[in-house]
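Chain by chain, the residues:
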Amino acid sequence: RPDGPILAIESSCDETACAILAPNGTVLAQRVISQDGHADFGGVVPEIAARAHLALLPNLVRATLQDANIAPATLSFIAASTGPGLIGGLIVGSGFAKGLALALGIPFVAVNHVEAHALTARLPGIVPDGAPFPYLLLLVSGGHCQCIAVEGVGHYRKLGGTIDDAAGEAFDKVAKMLGLGWPGGPELEKLAREGNPKAISLPRPLWRREGCDFSFSGLKTAISQKLAPFGKEPLPRQFAADLAASFQQAVADVVTNRIEHALDMMPEAKLLVAAGGVAANTVLRTALEKTAAQRGLRFAAPPLRLCTDNAVMVGWAALETWREAAERNLPPINDNALRP
Ligand code: KG4
Ligand code: ZN
């Protein structure tokens, strides 16, 4: 184990984040800035995101160190996401982290962003027994939609993933069609509470199809067809709410169907973990919990602030990778790796 605290940076999308963790994973401080400036465009603009990371990082890192009351000289290493993600932001965040590491004469640890989501469930305090391997991870965010068999640190098997949009992207696009704000997922969930999930019939893409791939584009098309008769007229409130509720139910239905298949492909799993922004959705969470319970499995979803992009997960993944390398007597991390 490293003997001092570690500092981690996340900058792969539109969250600029910094965290400081003790060697055992205890979070000493964390800050996340969800960038504004993207809402007018209805999605994340890579150039705006990269420039915002550049502007925000120095003060964010300084403030996080102050929160933890940590002197930079006591840090053991600096970690940052190096991919996958928007390359501009990754360059800014990892360049900053490498510069700081160089100045302090300590190692830089490159972290794969998806690996960080995958290992979050093992952070102390999330699952009572610390989420032993193997477990099934459902990663559902604006950028990712995958089922991953998490077998060990560095040992991941992708069982299936989306063949078109990510789940969060579908939520955002449908919310936009309904005239809601961005990001659309939480707004759509709010509107859906006033609606009837059985009111409007929608397709269940890839329903019962072999494997655990996902597809959401057909659902989006179906929604736009239901909206077409209204042209530019304002939508009746109840119709919009029914459509939102029916869409949300369709997503929950297909995701749980896909998860059932993924669990068939991974009979050794004892735990189902959901992560990513869409895992905040109550209807989806409840459906997943039920699916797990029916099979006698436990279900865990990290708290929302750790489900969405953050630097705590980056620091934790770096600590896990570091420990794994030490146990196997391997050189810890390739400093320059842009790990895919
Ligand atoms: O993990 P995240 O913060 O960022 C990445 O994409 O990496 O996920 C953001 C996505 C957005 O598409 C947002 O609309 C969706 O998660 N989301 C939700 C909810 N909260 C966030 N989707 C459905 N229901 C929610 N309550
Ligand atoms: Zn992410």
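Residues numbered from 1 in each chain as written. Chains lettered and ligands numbered in written order. Predicted model: local features only at pLDDT ≥ 70, side-chain atom pairs only at ≥ 80, totals over all residues.

- The name recorded for the chain in an unreviewed UniProt entry is tRNA N6-adenosine threonylcarbamoyltransferase, from Acetobacter pasteurianus NBRC 3278.
- For the chain, the Subcellular location (unreviewed entry) comment in UniProt is given as "Cytoplasm".
- As recorded by UniProt, the Sequence similarities (unreviewed entry) comment attached to the chain reads in full: "Belongs to the KAE1 / TsaD family." (UniProt positions renumbered as here; feature names shortened; annotations may be inferred.)

**Here we look at the UniProt feature "binding site: substrate" (unreviewed entry) in the chain**
(1) Moving on: Here, the residues flagged by UniProt with the feature "binding site: substrate" (unreviewed entry) are Leu139, Val140, Ser141, Gly142, Gly143, Asp172, Gly185, Glu189 and Asn281.
(2) Moving on: Following the sequence through the fold, Val140 ends up in strand β6 (residues 135-140).
(3) Moving on: Residues contacting Val140, with those up to four places away along its chain left out, are Cys145, Ala167, Gly168, Ala274, Gly276, Val278 and Ala279.
(4) Moving on: Relative to the helices and strands, Glu189 is located in helix α5 (residues 184-192). (Helix = DSSP H or I, 4+ residues; strand = E, 2+ residues; numbered from the N terminus. Contact = placed C-beta atoms within 7 Å.)

**With respect to the UniProt feature "domain: Gcp-like" (unreviewed entry) in the chain**
(1) Moving on: Mapped onto the present numbering, the UniProt feature "domain: Gcp-like" (unreviewed entry) falls on residues 26-316.
(2) Moving on: Across residues 26-316, helical content stands at 45% and strand content at 16%; the span's end C-alpha atoms are separated by 9 Å.

**Looking at the nonpolar core**
One recurring pattern in soluble globular proteins is that nonpolar side chains are buried together.
(1) Moving on: In terms of nonpolar packing, the biggest core is built from 103 residues, with Ala8, Ala79, Leu136 and Val314 touching the most fellow members.
(2) Moving on: Of the residues forming this core, the biggest block, 14 residues, is contributed by helix α7 (residues 237-265).
(3) Moving on: Among the domains, domain 1 (6-120 + 307-327) and domain 2 (132-301) are the pair contributing at least three residues each to this core.
(4) Moving on: Core analysis: the second largest hydrophobic core is formed by five residues, Ala49, Ala52, Leu86 and Leu90 among them. (Core = buried A, V, L, I, M, F, W, Y, C linked by C-beta atoms within 7 Å. Buried ≥ 20, exposed ≤ 12 C-beta atoms within 10 Å, placed from the backbone. Domains from an automatic or database assignment.)

**A few points about the site of ligand 1**
(1) Moving on: Around ligand 1, the structure places 19 residues, and the nearest of them are Ser141, Gly142, Gly168, Gly185 and Gly277.
(2) Moving on: Of all the secondary-structure elements, those providing two or more residues to the shell around ligand 1 are α4 (167-177) and α5.
(3) Moving on: Looking at the shell around ligand 1 element by element, the count peaks at four residues for α5.
(4) Moving on: A per-class count over the shell around ligand 1 returns six nonpolar, 10 polar and three charged.
(5) Moving on: Residues lining the shell around ligand 1 come from more than one domain, with at least three contributed by each of domain 1 (6-120 + 307-327) and domain 2 (132-301). (Near = placed C-beta within 6 Å. Nonpolar A, V, L, I, M, F, W, Y, C, P; charged D, E, K, R; others polar.)

**Here's the deal with the environment of Asp172**
(1) Moving on: Its location among the elements puts Asp172 in helix α4.
(2) Moving on: As a C-alpha pair, Asp172 and Pro107 span 65 residues in sequence and 39 Å in three-dimensional space.
(3) Moving on: Leave out the neighbours within four places in its chain, and Asp172 touches Gly142, Trp182, Pro183, Gly184 and Gly185.

**Here we look at the pairing of strand β5 (residues 108-112)**
(1) Moving on: Most of β5 is tucked away, with five of its five residues classed as buried.
(2) Moving on: Residues Phe108, Ala110 and Asn112 point to one face of β5 and Val109 and Val111 to the other, with burial holding for every one of them.
(3) Moving on: In this structure, strand β4 (residues 78-83) lies alongside β5, joined through five bridges in parallel fashion. Counterpart to Ala80 in the pairing with β5 is Ala110. (Pairing = 2+ DSSP bridges.)

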